[in-house]
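What the coordinates show
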Amino acid sequence: MTKMKKALIIGVPVLAVAVVAGVTMASRSRGVDGVAVELEPVAKREVVQTVTGTGKIQPMVQVKISADVSAKITRLEVKEGEWVEQGTLLVELDREAYLAAVESSEANLSAAQAGTNLARENMVKAEKDYARTKELFERSLESQAVLDSMYAAAEVEKARYQSTLDQVEQARAALRQARDALAKTTIYAPMSGTVSKLNKEKGEMALGSQFQADVILEISNLEGMEALVDIDENDIVSVSIGDEATIELDSLPDLKLKGRVTEIANSAKSAGSGTTEERTEFEVKIAITDPGTQLRPGMTASAEIVTEVCEDCVSVPIQSVAVRTLDQLGAAAAGEGEEPRFTPDREGFVEVVWVVADGRAQARQVKAGIQSETHIEIVTGLAVDEQVVTGSYRAISRDLKDGSAVTVGTGASEG
């Protein structure tokens, strides 16, 4: 037997099996008399549109305490988790160098004031000498040259006196600065609250800086808590100040908290820049209406924000809405003088649902509105109690054509 004959003998049974399998799969999808589908009547219901985000719990009011001057911590009067009243002494820094600076500034001020007194006396003397010389000159008893010399000497002493006055003011300013630095070696609580974080211990160095704070501790008002969550840029346009939200915590899975949006960031933040996981998000603050006593700053939270509610609107399950091209719909072209049944968008797609009447499916173009996790609002295109196809996904997205015969059965959920 030749190789070609062997291949034909083997190939025929394989082809037969493939044909049988294809027929079986088609039968499961289309049923005996048509495409197998599941139906549901169009109804009015409440549709709640939400967006979700994840983030952290934080106090609504939180103050980071850092030093304005650099020195070693000599006293640390609080512990983490301790409640402090406004004005309570929190931290004291080493004062020796700043006390010495104050004493030095005081000495400089005294010296400057003494110099001022001497300059004033010299100025007064020079002015009197000039006045006497001027009288002698007017009586022709002194020359013009001597008069000019005495005038110049008086002006020099006057300028010197003014310079010493400026030096006194500089010394006073230096003393005020030294006293201010000394005062900043003791740090008091600016508000009442809980010490939520303690970053340093007694004996460590506190670095004072105007540009980058070296945080010693944090005081938080734990009675007012909020969730700071990140919302995707595609969803942020739906979020508004005052939107209600439900907050869940990873550490307290049985606890659901209510909140309200109080702040929406104007600028986006990016994560994973330059990678396939790059995303752009906006920070949203949600004030928790009743935080209780179990919340702690830094807990991981997820929020579901209600952005819009339609209380009594025509709606269908989300999976019932499909996007098809005109060719995929298989609809007959409009006759002369007839209005076209479908109006594609700029990209050539039509948003449709499949309505079943008299055993046949009809593509119905619709305009969708808001959607929840399970249902979508139909603004135009459907009426209450019409039968729409809800399954299977394969039938809705691929198998059904305009005018297809259908059978209702449980097999519609497959595929």
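Anything mentioned here points back to the structure above.
Keep in mind the model is a prediction, meaning the values are calculated, not measured. (Residues numbered from 1 in each chain as written. Predicted model: local features only at pLDDT ≥ 70, side-chain atom pairs only at ≥ 80, totals over all residues. Heavy atoms only, no water.)

**A word on the sheet that holds strand β8 (residues 193–198)**
- Taken in spatial order, the four strands make up an open sheet running β3-β10-β8-β5, and their pairing is antiparallel. Either end of the sheet is taken by a strand with one partner, and the two such strands are β3 (62–66) and β5 (83–84). (Pairing = 2+ DSSP bridges. Helix = DSSP H or I, 4+ residues; strand = E, 2+ residues; numbered from the N terminus.)

**Considering the packing of helix α2 (residues 96–138) against helix α3 (residues 144–183)**
- α3 packs onto α2 with a crossing angle of 165° between their chain directions and a minimal axis gap of 7 Å. When the axes of α2 and α3 are compared, the pair comes out roughly antiparallel. For the crossing formed where α2 meets α3, the hand is left-handed.
- Classifying every residue of the contact of α2 with α3 by side-chain character gives 26 nonpolar, ten polar and ten charged. (Axes fitted to C-alpha atoms, helices over the stretch in contact; angles between N-to-C directions. Parallel < 35°, antiparallel > 145°, perpendicular 65-115°, else oblique. Left-handed = near helix turned anticlockwise from the far one by under 90°. Nonpolar A, V, L, I, M, F, W, Y, C, P; charged D, E, K, R; others polar.)

**Details of the pairing of strand β13 (residues 256–264)**
- As judged from the five bridges shared by strand β12 (residues 244–249) and β13, these two strands associate in the antiparallel manner. By the bridge assignment for β13, Ala-245 is matched with Gly-259.
- Hairpin geometry of β12 and β13 is characterised by an intervening segment of six residues between the two adjacent antiparallel strands.
- When β13 meets strand β15 (residues 279–288), the two strands line up antiparallel, connected through five bridges. Its bridge partner lying in β15, Arg-260 is registered against Ala-287.

**Digging into the pairing of strand β16 (residues 300–317)**
- Bridge count between strand β2 (residues 43–59) and β16: 13 bridges; the pairing is antiparallel. Counterpart to Thr-54 in the pairing with β16 is Ser-302.
- The pairing of β12 with β16 spans five bridges and is classified as antiparallel. Its bridge partner being in β16, Glu-248 is matched across the sheet by Ser-302.

**Topic: the pattern of salt bridges**
- Under the defined criterion, the tally for this structure stands at 21 salt bridges.
- With a closest N to O distance of 3.6 Å, Arg-75 and Glu-92 form a salt bridge. In this pair, Arg-75 is assigned in strand β4 (residues 71–76) and Glu-92 in strand β6 (residues 89–93), connecting sequence segments 17 residues apart.
- The salt bridge involving Arg-172 is made with Glu-169; its shortest N-O contact spans 2.8 Å. Residue Arg-172 and its partner Glu-169 are located together in helix α3, separated by three residues, close to a single helical turn. (Salt bridge = Lys/Arg side-chain N within 4 Å of Asp/Glu carboxyl O.)

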